[in-house]
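# Topology and contacts: notes
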Amino acid sequence: MKRIAVQASAIAMGMAVLAASPVSAQPNDLDPVAVTAAARYALPSAFEGYVAQCSASLSPDGYTLTNASSVSAKFTDGADESWPTAKVLMMEIIREEAGDMVSMLELMDDDNLRPFVDGMIAGLVSQEIPTADCGTIERALEILDPLPADNVAALFGFAIEMGLAEEDDAATPDEAE
């Protein structure tokens, strides 16, 4: 399940941002609405990062490269509405991961912060995807294609929650010893 969660996060978001959150993050503390909002907001940038990382290894006639414009438009349309809720969770994760950097980001207004976050998501996603997984992710995207972007985001958000819960369960026995 962890591998599925990691791949889902690579596709969905700066879910690489969520997937990179520390194991100490308690799934019970995560608001599923916020996780889904972060996934929804991150879909366009995450897809951009995926295409940047994988375009050289995918078939030019395959699903991703022949549908990149329509998938990007589908993920972009409506993503802005998720920003207010997504921002809170993303800043919390950045605070845990980058500490002092969040102070600078908190001073930025949304018009300046969003492009920074979008670039960070795309960059993290492109770094997190092993080239060997590009075809698998392409297949997953093709399977998910009929779903509206909100449902794709909800599915990725759920995968993230499950992945974090699995990590938390794996960490619990060590803590008890």
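You'll find the structure just up there.
Residues numbered from 1 in each chain as written. Predicted model: local features only at pLDDT ≥ 70, side-chain atom pairs only at ≥ 80, totals over all residues. Heavy atoms only, no water.

## As for helix 4 (residues 63–76)
Along an α-helix, residues three or four apart share an orientation, since each turn contains 3.6 residues. The condition is simple: Counting from the N terminus, the helices are DSSP H or I runs at least four residues long and the strands are E runs at least two residues long. The length a helix should cover is 1.5 Å for every residue beyond the first. Accessibility here uses a 1.4 Å probe with only protein chains present; expressed as a share of the type maximum, an area under 20% marks a residue as buried, one over 50% as exposed, and anything in between as partly exposed.
The terminal C-alpha atoms of helix 4, which comprises 14 residues, lie 18 Å apart, in line with the 20 Å expected from a rise of 1.5 Å per residue. The set of residues buried in helix 4 consists of Y63, T64, A68, V71 and F75.

## As for the environment of E138
Rule in force here: Note on contacts: a residue pair qualifies if any of its non-hydrogen atoms lie within 4.5 Å across the two residues. Two N or O atoms form a polar contact when they lie within 3.5 Å of each other; inside protein one atom must be a possible hydrogen donor and the other a possible acceptor, and for residues adjacent in sequence the pair counts only when both atoms belong to side chains.
Mapped onto the elements of the fold, E138 is located in helix 8 (residues 134–144). For E138 and Y50, which are 88 residues apart along the polypeptide, the C-alpha to C-alpha distance reads 9.3 Å. Ignoring any residue separated from it by four or fewer positions in sequence, one finds E138 in contact with Y50, L58, G62, Y63, T64 and L65. A polar contact of 2.9 Å, which involves the side chain of E138, links it to the backbone nitrogen of T64.

## Remarks on the state of the cysteines
Here is the idea: a disulfide is a covalent bond, and it sits between the sulfur atoms of two cysteines. What counts, and what does not: Disulfide assignment relies on a single distance test, namely cysteine sulfur atoms paired within 2.5 Å.
Summed over all chains, the structure comprises 1 disulfide. Note that C54 is cross-linked by a disulfide to C134, the S-S spacing being 2.0 Å. The S-S bond linking C54 to C134 shows a torsion near -70 degrees; that makes this disulfide left-handed. Pair noted here: C54 is in helix 3 (residues 32–54) and C134 is in helix 8, with a separation of 80 residues, a long-range link. The buried category is assigned to C54, whose relative accessible area is 0%.

## A few points about the packing of helix 3 against helix 4
The criterion, for reference: A fitted line through C-alpha atoms represents every axis, and for helices the fit uses only the stretch in contact; the resulting angles, taken between N-to-C directions, go from 0 to 180 degrees. Geometric relationships in this document are graded by angle, where less than 35 degrees denotes roughly parallel, more than 145 denotes roughly antiparallel, 65 to 115 denotes roughly perpendicular, and other angles denote oblique. Left-handed is the label given to a crossing in which the near helix is rotated counterclockwise from the far helix by less than a right angle, and right-handed is the label when the rotation is clockwise. Side-chain classes are defined by residue name, with Ala, Val, Leu, Ile, Met, Phe, Trp, Tyr, Cys and Pro counting as nonpolar, Asp, Glu, Lys and Arg as charged, and the others, Gly among them, as polar.
Close contact between helix 3 and helix 4 brings their axes to 9 Å; oriented N to C, the two are set at 160 degrees. Relative to helix 4, the element helix 3 is oriented roughly antiparallel. The chirality of how helix 3 crosses helix 4 is left-handed. Along the contact surface, helix 3 presents R40, L43, P44, F47, Y50 and V51, while helix 4 presents T64, A68, V71, S72, K74, F75 and T76. Grouping the constituent residues of the contact of helix 3 with helix 4 by class yields 8 nonpolar, 3 polar and 2 charged.

## Description of the nonpolar core
The following threshold applies: Among buried residues, the Ala, Val, Leu, Ile, Met, Phe, Trp, Tyr and Cys ones that are joined through side-chain atoms within 4.5 Å form a nonpolar core.
Counting 42 residues, the largest nonpolar core has Y50, F75 and M90 as its most contacted members. Among the elements of the structure, helix 3, helix 4, helix 5 (83–98), helix 6 (101–106), helix 7 (110–128), helix 8 and helix 9 (149–176) are those that each provide at least two residues to this core. The biggest single contributor to this core is helix 3, with 12 residues. Other than its neighbours up to four places away in sequence, F75 contacts R40, L43, P44, F47, L141, A149 and V152.

All we've got here are geometric facts, nothing functional implied.
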